[in-house]
Amino acid sequence: MGRVFRLPRRTFLRGAGGVALALPALEIMAPSRAARAGGGASPKFMTSFVGTSIGRNHWPDDDCCGPTYPGDQLTPDNEGAGYDLKHVLSPVGADPWQYHSGFGGNQPAFDVQKELTVVSGLKVPWGPDGDLPPGGRTIKFHYCTVTPQISGTICSDYSEAPHGPTIDQMVVDAIGGGRPALAYRVEAKAAGGNTSAMSWKSNGSGGVSRVDPVVNPRLAWESLFTGFVPPDPAQAAAAAFEIAQRRSVLDLVSGSAERLVARLGHADKIRMEQHLDELRALENKVNGVMPGSAQCEMLTDPGGSWPVTPENGWSNEELRAEVLSDLIHMAFVCDLTNAASLMFGQWKCYLKMGPAIGWDNDLHGYSHFGGSQTGIAPLSDAIAWHIKHFARLIRKCMDTQDVDGVPLIDHTILTMIFEGNVGYDPEADAVGVHSTENMVVLVAGGRGLGLNPGRHIKTDEVHPAAVLLGAAQACGVTDPLGDIDEAFTGL
Amino acid sequence: MRIALPLVVCALPACYSGVGLPSQGDDGAASAASSPGGSGDDGASDGGGDTSTETPAAATHGGLRRLSVGEYDNAVRDLIGDASRPGAVFLPGDALTPFDNEYAQQTPSEALVAAAEKVAIEAGQRLLGEPAKLEELAGCVPTGVEDADCLRGLITRLGRKAFRRPLTAEEVDEYASLLAKGVEAESWHVAAAAVVRGMLQDPNFLYRVEIGEPVPGNPEIVALTDWEIATRLSFFLWRTIPDDALLDLAEDGKLSNEDDVRAAATQMLLDERSREGMEQFHSLWLGFAGGGTEGIRADMVAETNALVRRVVFEEEASWLSLFTSTETFLTPALAEHYGLPAPEGDMPGWVEYGESGRGGLLSHGAVLAWGAKFGDTSPTTRGKEIRERLFCQPIPPPPPGQNTDDPPGGDEPDGCKIDHYAKYREGGCGSCHSLMDGIGFGLENYGADGTWRANDVGKPECEITGDGEVAGVGAFNGPAGLGDLMLSNDGVRACALKQLYRYVSGRAEPDELDAPFLQRLSEMHNGDELNLRALMLDIASSDEMRFRVLGEGE
């Protein structure tokens, strides 16, 4: 089997069903250069998700759980550039900071405010099942807070699956040239299935297929650096042999899948074709060659067995977040993909974060001020922990040059979304944390793609998906995002 | 495609004599033909036995099912002797609904394919460090780097277990082409390890493939081949791949009728793997899978597993006596933790509950951990778990006006817990909370860690009575009382059957095609003690395990 770029079935079907039909096959198959920014750098896009609402309260006041929840711990008071940094955004600033708990002493600040835009006042609308507004959710909060944001489609049931591809997949569909988006999750022990994923792609049959995130850093590392050849001749020879062996085995396994496809009934055939698509994507990756680039390098093998602690216990998510962020960064540096998703935790995340921030209980408990805790401090610290990792990734992209010599962040847009914020909760018919009013999306970078980062932008109930779509359009996406056909243009 | 088989209509007790199926041939030896991949396969030998096909009384769904992570790890262990359980480290986690094998939830993904390759590569590398093990798997010692016959021996032997059928000639040839990698590396074992690599990520290993063979006169169903029946039996009773003995039965055509299958299943239930399989089934059903691997939590899991083994296999007692057992299996540490007498000899052993108020599985720490919330138990969540897992009564989501995520207490944090919860039983919430909270309060004397307590946490003025109620069923006190109450309720019996069927079929919600089978099982065991071992044998030897309805496009 030679080095053949094998066309995923869904790519073929997409091409065959649209205007690409008349194009030569190789133009569909080859990595697109059309969307590259000036000088040869291609746009990159990441969506990350934080599995909790943003709480509000004054800290250290103990008036949590009151009727009004004053004092947003994230949303700046001031608009425009130079916005004020509240506790949750401390990692974005220039000065070391500490968790309210004092745990771990000084924490790093990454000085990335000039690259980070805070878009606030967002809203995922809701309504009764059967009569949902575009991109709306049923009033049941947790189940339906992720997919409307990342897909722009309604969520009216408990399956959590969107009705169209998610924004990361839209980006690779538009400019990825067949290279798949990365999908990682930091929370090691999650519920599984749809609950624990944030990426869905078109399945070539009119529906979408869930993209399970990779959780194990070692697997993510090895999957990403498949094509690297070590500089040492002996190691290079061994690596070449290993690649050749993988290619042979994968070719054989794909042959098995192809034979099965031919013998299965309709429903089973679709599933086996999807499996075959993934095998071919893996083959393409193995057949690929790492581009030469001054700053493109194989990161150190994270090693270890990465055990998963049962019952949402702490499974070293601090280091997982660092390694997975580093891999996304290097994937962008090496131009291995144009899009990634990083799910820090599923919705209603029960991750026990004590070893990271020093508070007992879990993230969901923090958000409801449960157990022995009082006040907003644990939740603020927990969200600050997420922002710390997000800011760290922004900083890495600022400190790395793209192939055209400008900072990687200029051609990269990093976004972060949250489950909700305090506001009117239609489920309870009261103010509470189960609201999708007053939501926030963080958008970093993209200066070279036409964005003007570093501001706080207040909106009037814009849909979060419209913000993501606005960012994705800067990367070359032209299609609507689900029901959302009007992108937010203020970025 | 869903069809109402004319014969399904007949799937009622009147159609059967005992567990037998009148559709058998007179000599009871009617057999589905047994080719590796079913109809139209192209090369490998058929299983033995009669090639005529019996007419089934009933059939149900079938098709492609991916191995769950747990099944995958068991299969790797039994295929190549690698017990490191690598799937749990790398493969995407399964959704628990409550079982891990609901195939509608299984989505092929890059994470799955990459993880399967990773597991396969590492397993191959480990085997390269044990060349003798590779030779044992092959059943030969290679005479040199280019010993193609020995490599084909490995492919044939290992492939039969991995794919649960003989490989076709084409498949053997394809795998044999990996000899070139060994020649290049000047090592036969490199080629052998590459074969293992391939098989561990081959869809024929990752998925349970059921093609079947035509049933004369009935174009809407197919008879599973003996190989496919062996696979169904094995994953049902062992949660892993068939062993050589079971595959030998398939090869000899000895899984083609009810009696043969029952005999095979009877033998399988003597095997340790059936114990492990049933432990895993119960851990998924009762919601403590992965609940503890060390310390006192591991002791709790061992406690529940020991009871499952005793009831199902050692005593072959009523399945539901799990909930009324008067003894429990404790380590000295767990006995101290619970405040029960230590087992004899200061070694793990059975201990009488006596007058402690405990009784049965609902007294176990592994189960009492249900629904721990805000640092304490949640009577509502415990009640919900029991309603849904043990009564098969889904609780609808809370109505507008209720936020289930806020801690109890609200504006009156100093009151007693039972008083806080009393308000939930009023108004619109009451219809659901009355189904749940009464159950939970009957278990309130036991904390989320399984220890006994007389009062609310930190509130000595709030006495816990342990009085509970299963609305519509009756009142009880404590886990022993709840166990007795459950035993008297037909709904619990029906639910246990349904849960077992969900597990066997990989389907969360049985539909109209499944319903007659469930009904028949229920009627077959009506009035008896619901012996799980007998139940498993009835399912294993049923027509539904040997025939399936064709899907759309087949």
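Before reading further, recall that the structure is shown in the block above.
Note that the structure is a prediction, hence the values are computed from the model and not measured. (Residues numbered from 1 in each chain as written. Chains lettered and ligands numbered in written order. Predicted model: local features only at pLDDT ≥ 70, side-chain atom pairs only at ≥ 80, totals over all residues. Heavy atoms only, no water.)

Caption draft 1: Examining the overall build of chain A more closely. Looking only at helices and strands, chain A has 12 helices and 11 strands in total. For chain A, the residues scored as buried account for 63% of the 491 residues in total. For chain A, the share of sequence-separated contacts (at least 6 apart) that also reach a separation of at least 24 residues comes to 70%. Approximately 16400 Å² of chain A is accessible, and the part contributed by carbon and sulfur atoms is 53%. (Helix = DSSP H or I, 4+ residues; strand = E, 2+ residues; numbered from the N terminus. Buried < 20%, exposed > 50% of the residue type's maximum accessible area, 1.4 Å probe, protein only. Contact = heavy atoms within 4.5 Å. Areas by Shrake-Rupley, 256 points an atom, 1.4 Å probe, with all protein chains shown as cover.)

Caption draft 2: Region of interest: the overall build of chain B. Looking only at helices and strands, chain B has 24 helices and 11 strands in total. Sorting the 554 residues of chain B into buried and exposed places 62% on the buried side. If you take every contact in chain B between residues at least 6 apart in sequence, the share linking residues at least 24 apart comes to 70%. Within the structure as shown, chain B displays about 20000 Å² of accessible surface, and the carbon and sulfur contribution to it stands at 51%.

Caption draft 3: Local environment of empty space enclosed by the protein. Residue and element names in this part refer to chain B. All told, the structure shown has 10 cavities of 30 Å³ or more when counted by the stated rule. Its boundaries defined by the atoms lining it, the largest cavity holds a volume of some 230 Å³. Taken together, 23 residues form the lining of the largest cavity, with Arg65, Arg232, Val504, Ser505 and Met545 sitting closest to its centre. Going through the elements one at a time, helix H11 (226-237) and helix H22 (490-505) are the ones with two or more residues in the lining of the largest cavity. The leading source of residues in the lining of the largest cavity is H22, at 4 residues. In terms of residue class, the lining of the largest cavity is made up of 9 nonpolar, 6 polar and 8 charged. Summarising the domain contributions, the lining of the largest cavity has at least three residues from each of domain 1 (6-63 + 210-271) and domain 2 (65-208). Taken as a whole, the second largest cavity spans an internal volume of roughly 80 Å³. (1 Å grid on protein atoms, 1.4 Å probe; cavity = no way out; pocket = protein on both sides within 12 Å on 5 of 7 lines; lining within 4 Å. Points joined across faces, edges and corners; volume = space filled by probe spheres on them. Nonpolar A, V, L, I, M, F, W, Y, C, P; charged D, E, K, R; others polar. Domains from an automatic or database assignment.)

Caption draft 4: Main features of the state of the cysteines. Residues and elements named next belong to chain B. As enumerated under the stated definition, the model contains 5 disulfides over all chains in all. Two residues share a disulfide in this structure: cysteine 392 and cysteine 495, whose sulfurs sit 2.1 Å from each other. On the S-S bond that ties cysteine 392 to cysteine 495, the torsion sits near 80°, and the link is right-handed. Placement of cysteine 392 in the loop between helix H18 (379-390) and helix H19 (417-422) and of cysteine 495 in helix H22 is noted, with a sequence separation of 103 residues between them. Of the two residues examined, cysteine 392 and cysteine 495, each falls in the buried class. There is a disulfide in this structure between cysteine 416 and cysteine 462, and the S-S distance comes to 1.9 Å. Between cysteine 416 and cysteine 462 the sulfur-sulfur dihedral comes to about -85°; the bridge is accordingly left-handed. In this pair, cysteine 416 is assigned in the loop between H18 and H19 and cysteine 462 in strand S8 (residues 459-463), connecting sequence segments 46 residues apart. In this structure cysteine 416 comes out as buried when scored by relative accessible area, which is 18%. (Disulfide = S-S within 2.5 Å.)

Caption draft 5: Structural detail: the packing of aromatic side chains. Summed over the entire model, instances satisfying the criterion amount to 17 aromatic pairs over all chains. Between tryptophan 314 of chain A and tryptophan 385 of chain A the ring centres are 6.1 Å apart and the planes differ by 70°, which places this aromatic pair in the edge-to-face class. Taken as a pair, tryptophan 314 of chain A in the loop between helix H7 (266-287) and helix H8 (317-333) and tryptophan 385 of chain A in helix H11 (residues 377-398) lie far apart in primary sequence, 71 residues in all. Note on tryptophan 385 of chain A: relative accessible area 1%, which makes it buried. When the ring centre of tryptophan 238 of chain B is taken as reference, the NZ or CZ atom of arginine 273 of chain B above it lies at 3.8 Å. Here the guanidinium or amino end of arginine 358 of chain B rests over the ring plane of tyrosine 338 of chain B, the centre of that ring lying 4.3 Å away. (Phe/Tyr/Trp six-rings, centres within 6.5 Å; stacked < 30°, edge-to-face > 60°. Lys NZ or Arg CZ within 6 Å of the ring centre and 35° of its normal.)

Caption draft 6: Fine view of the interface of chain B and chain A. Each side of the interface is counted separately: chain B has 66 residues, and chain A has 63 residues. Where chain B abuts chain A, roughly 5400 Å² becomes buried across the two surfaces, and 56% of that area is made up of carbon and sulfur atoms. For the interface between chain B and chain A, the tally reads 7 salt bridges. Of all the secondary-structure elements, those providing two or more residues to the side of chain B that touches chain A are helix H3 (86-90), helix H4 (110-128), helix H7 (169-176), helix H8 (179-185), helix H9 (188-201) and helix H10 (203-206) of chain B. In terms of residue count, the dominant contributor to the side of chain B that touches chain A is H4 of chain B (10 residues). (Buried area = accessible area lost by both parts, 1.4 Å probe. Salt bridge = Lys/Arg side-chain N within 4 Å of Asp/Glu carboxyl O.)

Caption draft 7: A look at helix H24 (residues 532-540) of chain B. Residues and elements named next belong to chain B. Of all 9 residues making up H24, 8 are buried, and the element is well covered by its neighbours. For H24, the complete set of buried residues consists of Leu532, Arg533, Leu535, Met536, Leu537, Asp538, Ile539 and Ala540. Residues of H24 that are buried make contact with H11, helix H13 (258-268), helix H14 (272-285), helix H15 (295-314), H22 and helix H23 (515-524). The residue sitting at the N-terminus of H24 and contributing the capping side-chain oxygen is asparagine 531; that oxygen lies 2.9 Å from the backbone nitrogen of arginine 533. (Polar contact = N/O pair within 3.5 Å; in protein donor to acceptor, adjacent residues only side chain to side chain.)

Caption draft 8: Helix H5 (residues 217-224) of chain A, seen in detail. Burial within H5 of chain A is extensive, with 7 of its 8 residues counted as buried. Here H5 of chain A has its buried residues at Pro217, Arg218, Leu219, Ala220, Trp221, Ser223 and Leu224 of chain A. Turning to H5 of chain A, the residues buried within the fold contact strand S4 (182-185), H7 and H8 of chain A together with H3 and H4 of chain B. By the N-cap criterion, in which a side-chain oxygen at the helix start approaches the backbone nitrogen of a residue two or three places on, H5 of chain A is capped by asparagine 216 of chain A, the distance to arginine 218 of chain A being 2.8 Å.

Caption draft 9: Up close: the pattern of salt bridges. Applying the stated criterion across every chain yields a total of 52 salt bridges over all chains. Here glutamate 315 of chain B ties to arginine 310 of chain B by a salt bridge, and the two come within 3.7 Å at their closest N and O atoms. When salt bridges that share partners are traced, they join Arg218 and Glu222 of chain A together with Lys118 and Glu122 of chain B into one network.

Caption draft 10: Examining the packing of helix H6 (residues 148-163) of chain B against H7 of chain B more closely. Residue and element names in this part refer to chain B. Where H6 contacts H7, the two axes come as close as 10 Å, and the packing angle between them is 125°. Classed by the angle they form, the pair H6 and H7 counts as oblique. Where H6 crosses over H7, the two elements pack in a sense that is right-handed. Taking contact as the criterion, the partners of Leu151, Arg152, Ile155 and Phe163 in H6 are, on H7, Glu171, Val172, Asp173, Tyr175 and Ala176. Class assignment of the residues belonging to the contact of H6 with H7 gives a composition of 6 nonpolar, no polar and 3 charged. (Axes fitted to C-alpha atoms, helices over the stretch in contact; angles between N-to-C directions. Parallel < 35°, antiparallel > 145°, perpendicular 65-115°, else oblique. Left-handed = near helix turned anticlockwise from the far one by under 90°.)

Caption draft 11: Structural view of the pairing of S4 of chain A. All names here are of chain A. The alternating pattern of S4 places Leu182 and Tyr184 on one face and Ala183 and Arg185 on the opposite face, and all of these are buried. The pairing of S4 with strand S7 (residues 339-343) spans 4 bridges and is classified as parallel. The residue of S7 that forms the bridge with arginine 185 is methionine 343. (Pairing = 2+ DSSP bridges.)

Caption draft 12: Quick look at the layout of surface pockets. One number sums up the size of the second largest pocket: a volume of about 920 Å³. The wall of the second largest pocket is formed by 40 residues, among which Ala267, Asp268 and Arg271 of chain A together with Tyr103 and Ala104 of chain B lie closest to the centre. For the lining of the second largest pocket, the secondary structure elements donating two or more residues are strand S6 (208-210) and H7 of chain A together with strand S11 (547-549) of chain B. The class makeup of the residues in the lining of the second largest pocket is 14 nonpolar, 15 polar and 11 charged. Both domain 1 (6-63 + 210-271) and domain 2 (65-208) of chain B contribute no fewer than three residues apiece to the lining of the second largest pocket.

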